[in-house]
Amino acid sequence: LRDSESHYRLLFEAHPVPMWVYDLETLRFLAVNDAAIDHYGYSRAEFLAMTITDIRPSEDVPGLLESIAQAKEGLMRAEARKHRKKDDGLIDVEIVSHTLDWGGRRAKMIMAHDITAQLRIERELLLAAAVYEQSAEGILISNAENQIVSVNRAFTRVTGYSLEDVRGRKPSILSSGRHDREFYAAMWTELERVGHWQGEIWNRRKNGEIYPEWLGLTLLRDAKGQAVNYVAIFNDIGAIRTNRSRYGVRSSTTLTSHSTDS
């Protein structure tokens, strides 16, 4: 019995993930571990005076009751839920449950992983991916060796090159031949010195057409200061000027080239 109690404390009470047991008939909490008390903010006494519906948003209760009524025996795999903490804050959780006999009562044990931060990061990544792919500006990303690893749709639309065409190659495949070595040397010197460069530059599309673009370069470094990626964001100046002319828009500013080419 002492060994059984020790194992119970290790696997339930001292478990680092919030856990509890609730009665499937009354829905009252029968037991909670220390992690649940710490994470949800309720004391043990408060938990044991509550039902499982008290930690769920009111709009979720009907679905919860229906789910409990249809509860199957045994282990239930991870399911996404929303839980309410004592401070009224809602968190996203992934639960794993198991039906069991608890002192003669039909009950369910719950393990609740807080995935709020994980979901927020996933949403932010999806947003960043959408912005990248749907941006009106062409975007090219290369690695520390300046080999192309990613391009967006606008890059393909402007240059005619797909990712398959350019992956692993140097951005110099876009070079128009209109700029001398000194121009590129100055560009790279400034990029390495301050981490970014911008200016007007002539590049070449896949079909051989030379066009002007306004280019911004950014050097990304890791925590140790080592270069990890180069990011190029550009606009097709010719297309911009054509659109302005088409819609009768006059700009009060003029793009200034960093190049001495005319």
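See above for the structure.
Here is a short report on the structure shown in this document.

1. Brief notes about the pairing of strand β9 (residues 210-221)
(1) Moving on: Pairing analysis gives 9 bridges linking strand β8 (residues 196-204) to β9, with the strands arranged antiparallel. Bridge assignment links N203 to a residue of β9, and that residue is Y211.
(2) Moving on: Hairpin connection between β8 and β9: a loop of 5 residues separates the two successive antiparallel strands, and G208 in this loop has a positive phi of roughly 95°.
(3) Moving on: As defined by bridge partners, β9 adjoins strand β10 (residues 227-236) across 9 bridges and the pair is classed as antiparallel. Residue pairing in the sheet places W214 in a bridge with N235 of β10.
(4) Moving on: Between β9 and β10, which pair antiparallel one after the other, the connecting turn spans 5 residues, and G225 there sits at a positive phi close to 85°.

2. Some words on the packing of aromatic side chains
(1) Moving on: Per the counting criterion, the structure on display carries 10 aromatic pairs.
(2) Moving on: The interplanar angle of 70° and the centroid separation of 5.0 Å between the aromatic rings of F29 and F47 together place this pair among those described as edge-to-face. Residue F29 is located in strand β2 (residues 29-32), and its partner F47 is located in helix α3 (residues 44-48); the two are separated by 18 residues in the primary sequence. For the residue pair F29 and F47, the accessibility class agrees, reading buried in each case.
(3) Moving on: Among the aromatic residues, those joined into a cluster by ring pairs are W20, F29, Y40, Y42 and F47.

3. Topic: the pattern of salt bridges
(1) Moving on: The tally for this structure, following the rule as stated, stands at 12 salt bridges.
(2) Moving on: The partner of E46 in a salt bridge is K86, with the nearest N and O atoms 2.9 Å apart. Of this pair, E46 sits in helix α3 while K86 is found in the loop between β3 (75-84) and β4 (90-102), placing the two residues 40 residues apart along the sequence.
(3) Moving on: For D60, the salt bridge goes to R56, with nearest N and O atoms at 4.0 Å.
(4) Moving on: On the basis of relative accessibility, which here comes to 23%, the residue D60 falls in the partly exposed class.
(5) Moving on: Linked by salt bridges that have partners in common, D23, E25 and R105 make up one network.

4. Here's the deal with helix α4 (residues 61-69)
(1) Moving on: Turning to α4, its buried residues are V61, L64 and I68. The arc that holds every buried residue of α4, seen down its axis, measures 55°, which confines them to one face. Seen from the buried face of α4, the exposed residues on the opposite side, beyond 90 degrees, are P62 and A69.

5. What about the nonpolar core?
(1) Moving on: L140, V151, F155, L215 and L217 are the most contacted members of the largest nonpolar core, which totals 21 residues.
(2) Moving on: Those elements that place two or more of their residues in this core are β7 (148-151), α6 (153-159), α7 (163-166), α8 (181-194), β8, β9 and β10.
(3) Moving on: Residue contributions to this core peak at 4 residues, all from β9.
(4) Moving on: When residues no more than four places from it in sequence are discounted, the contact partners of F155 are G138, I139, L140, G160, Y161, V166, L174 and F234.
(5) Moving on: Formed by 20 residues, the second largest nonpolar core is a distinct cluster that contains F29, Y40, M50 and A112.

Conventions we followed
- Residues numbered from 1 in each chain as written.
- Predicted model: local features only at pLDDT ≥ 70, side-chain atom pairs only at ≥ 80, totals over all residues.
- Heavy atoms only, no water.
- Pairing = 2+ DSSP bridges.
- Helix = DSSP H or I, 4+ residues; strand = E, 2+ residues; numbered from the N terminus.
- Phe/Tyr/Trp six-rings, centres within 6.5 Å; stacked < 30°, edge-to-face > 60°.
- Buried < 20%, exposed > 50% of the residue type's maximum accessible area, 1.4 Å probe, protein only.
- Salt bridge = Lys/Arg side-chain N within 4 Å of Asp/Glu carboxyl O.
- Arc of directions from axis to C-beta.
- Core = buried A, V, L, I, M, F, W, Y, C linked by side-chain atoms within 4.5 Å.
- Contact = heavy atoms within 4.5 Å.

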